[in-house]
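One letter stands for each residue in the lines below.
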Amino acid sequence: MTTASSTDLIVHPVPAQGAEDVVVATSGPDEGCVFTGTEDGSIFRVSPDGAKVDRVAHTGGRPLGIELDGDGRLLVCDAKRGVLRVDPASGAVETVTDRVGGQPMVFCNNAAIAGDGTVWFSDSSTKYGIERWKDDFIQVTRTGRLMRMATDGTVEVVLDNLAFANGVALSAAEDFVCVAETGARTVVRRWLTGDRAGMRDLLCQNLPGYPDNIARGSDGLIWVTLASPRDPVVERLQGAPLRVRKLVTRIPQRLQPKPARTVRVQAYDDAGRLVHDLDLPGERYHMVTGVREHDGRVWMGSLHEPAIAVHDL
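Quick caveat: nothing in here was measured; it's all calculated off a predicted structure.

A. Summary view of the overall build of the protein chain. Of the regular secondary structure elements, the protein chain holds 3 helices and 27 strands. With 313 residues in all, the protein chain has 56% of them scored as buried. Considering only contacts within the protein chain whose residues lie at least 6 apart along the sequence, 49% involve residues at least 24 apart. Summed over all atoms, the accessible surface of the protein chain reaches about 12,800 Å², with 47% contributed by carbon and sulfur.

B. Region of interest: the pattern of salt bridges. Under the defined criterion, the tally for this structure stands at 18 salt bridges. As a salt-bridge pair, R45 and D54 come within 3.5 Å of each other at their nearest N and O atoms. For R45, a relative accessible area of 18% translates into the label buried. Judged by its relative accessible area of 24%, D54 falls in the partly exposed class. The shortest N-O distance in the salt bridge between R189 and D201 comes to 2.8 Å.

C. Broad picture of the sheet that holds strand β19 (residues 186-191). In spatial order, the strands read β17-β18-β19-β20; together these 4 strands make up an open sheet with antiparallel pairing. With partners counted over all chains shown, the strands left at the sheet margins are β17 (165-170) and β20 (200-204), one partner each. In this sheet, adjacent strand axes meet at a mean angle of 30 degrees when their direction is disregarded.

D. Local environment of the environment of T262. Turning to its location among the elements, T262 is positioned in the loop between α3 (242-248) and β23 (263-268). Setting aside residues up to four positions removed in sequence, T262 forms contacts with L226, A227, S228, P229, D279, G282, Y285, H286, M287 and V288.

E. Seen up close, the sheet that holds strand β26 (residues 297-302). Strand order in this open sheet of 4 strands is β2-β27-β26-β25, and the pairing throughout is antiparallel. Whereas interior strands pair on both sides, the edge strands pair on one side only; in this sheet they are β2 (10-13) and β25 (288-294). When strand polarity is set aside, the average angle formed by the axes of neighbouring strands in this sheet is 25 degrees. The pairing of β25 with β26 spans 6 bridges and is classified as antiparallel. What sits directly across from R292, in β26, is W299.

F. Just the packing of aromatic side chains, in detail. Evaluation of the coordinates by the stated rule reveals 2 aromatic pairs. With 5.5 Å between their ring centres and 85 degrees between their planes, F107 and F164 make a pair best called edge-to-face. Taken as a pair, F107 in the loop between β12 (103-104) and β13 (108-113) and F164 in the loop between β16 (155-162) and β17 lie far apart in primary sequence, 57 residues in all. The same class applies to F107 and to F164, which are both buried. Note on F176 and W191: the rings are 5.1 Å apart at their centroids and 65 degrees apart in plane angle, and the pair reads as edge-to-face. With F176 in strand β18 (residues 176-181) and W191 in strand β19, the pair connects residues that are 15 residues apart, well separated along the chain. Judged by relative accessible area, which is 1%, F176 ranks as buried. Among the residues examined, W191 registers a relative accessible area of 6% and is labelled buried. Taking NZ or CZ as reference, R189 lies 5.2 Å from the ring centre of F176, over its face.

G. Here's a closer look at the pairing of β26. Here β26 lies mainly inside the structure; 5 of its 6 residues are buried. Joining the antiparallel neighbours β25 and β26 is a turn of 2 residues, in which D295 adopts a positive phi near 55 degrees. Bridge count between β26 and strand β27 (residues 307-312): 4 bridges; the pairing is antiparallel. Among the inter-strand pairings, R297 is bridged to a residue of β27, identified as D312. Connecting the antiparallel pair β26 and β27 is a turn made up of 4 residues.

H. Geometry of the environment of P104. Within the secondary structure, P104 is located in strand β12. Residues P104 and G82, 22 residues apart in the sequence, show an inter-C-alpha distance of 8.4 Å. With residues up to four places along the chain from it excluded, the contact list for P104 reads D98 and R99.

I. Examining the nonpolar core more closely. Membership of the largest hydrophobic core comes to 15 residues, with the highest contact counts inside it found for L9, W223, V263, V265, Y285, V298 and M300. Where this core is concerned, the elements lending two or more residues are β23, β24 (274-280), β25, β26 and β27. If you tally residues by element for this core, the top one is β23, at 3 residues. The next biggest cluster of nonpolar side chains, apart from the first, holds 14 residues, and it includes W191, L203, L207 and Y268.

Cut-offs applied
Residues numbered from 1 in each chain as written. Predicted model: local features only at pLDDT ≥ 70, side-chain atom pairs only at ≥ 80, totals over all residues. Heavy atoms only, no water. Helix = DSSP H or I, 4+ residues; strand = E, 2+ residues; numbered from the N terminus. Buried < 20%, exposed > 50% of the residue type's maximum accessible area, 1.4 Å probe, protein only. Contact = heavy atoms within 4.5 Å. Areas by Shrake-Rupley, 256 points an atom, 1.4 Å probe, with all protein chains shown as cover. Salt bridge = Lys/Arg side-chain N within 4 Å of Asp/Glu carboxyl O. Pairing = 2+ DSSP bridges. Axes fitted to C-alpha atoms, helices over the stretch in contact; angles between N-to-C directions. Phe/Tyr/Trp six-rings, centres within 6.5 Å; stacked < 30°, edge-to-face > 60°. Lys NZ or Arg CZ within 6 Å of the ring centre and 35° of its normal. Core = buried A, V, L, I, M, F, W, Y, C linked by side-chain atoms within 4.5 Å.

Structural measurements only, silent on function.
The structure is reproduced here in structure tokens:
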């Protein structure tokens, strides 16, 4: 296992808050560039050296998870607008789906695209939107879901009862899909092929922090962000009676538990073995919510930072 604790973290500013997720273009005119979405609805393209930042589109919502499809377009999970397709060349934004079972999604979060074009995506909560994510997290509503969207646009719920469904990733062989359960500190796995097809188990559990976005890297590993270390106070609150949990989310923001300043991502192989554990200082960057390994470089995004960051393995 590789571990790291160094100051070798390069930060590239973007002109808006909350560069939540990252994806690296692997071909075409944008090869090597990094795309991210911010809380003002912008989609930015960042050059590999961070010297050039261009706004390529505006979703009109709050872009979170971001992927590249086979046509060079971006598949964006917008917390307020659902699953979108964005053309970085023209800036055109198209709604792919904003409903599940005829009902509007409340908190579309992250996605992964299979080789055949199938889209797997998460809806973190059916009760609270992104503005009240802490309410869902503390109250443990377990209304998070993982969906499958076929190439004909048909959407079905594959997993439900998830404690804040978050990042989504496919295995290298696409024999399973997994989704991060932020509230439970686990990554849930759903088998797609073979003798275990249809079964649900865990890729990893008892994580040392709360997982956010996850993504399969060019190294074939599943990279997992840990937005904040495990908090004993939060754990006790999650186990308290519901009336107490509801009261806690109503107290002033300044008195609520705060995420610790940390930069931590881990990587697991398809058997659930920990391969990398990067624990970096959080003075210049913190609350990593997006991760993408590409050719030995680990790119990161943050729900709160006006920047993306990169660490060389």
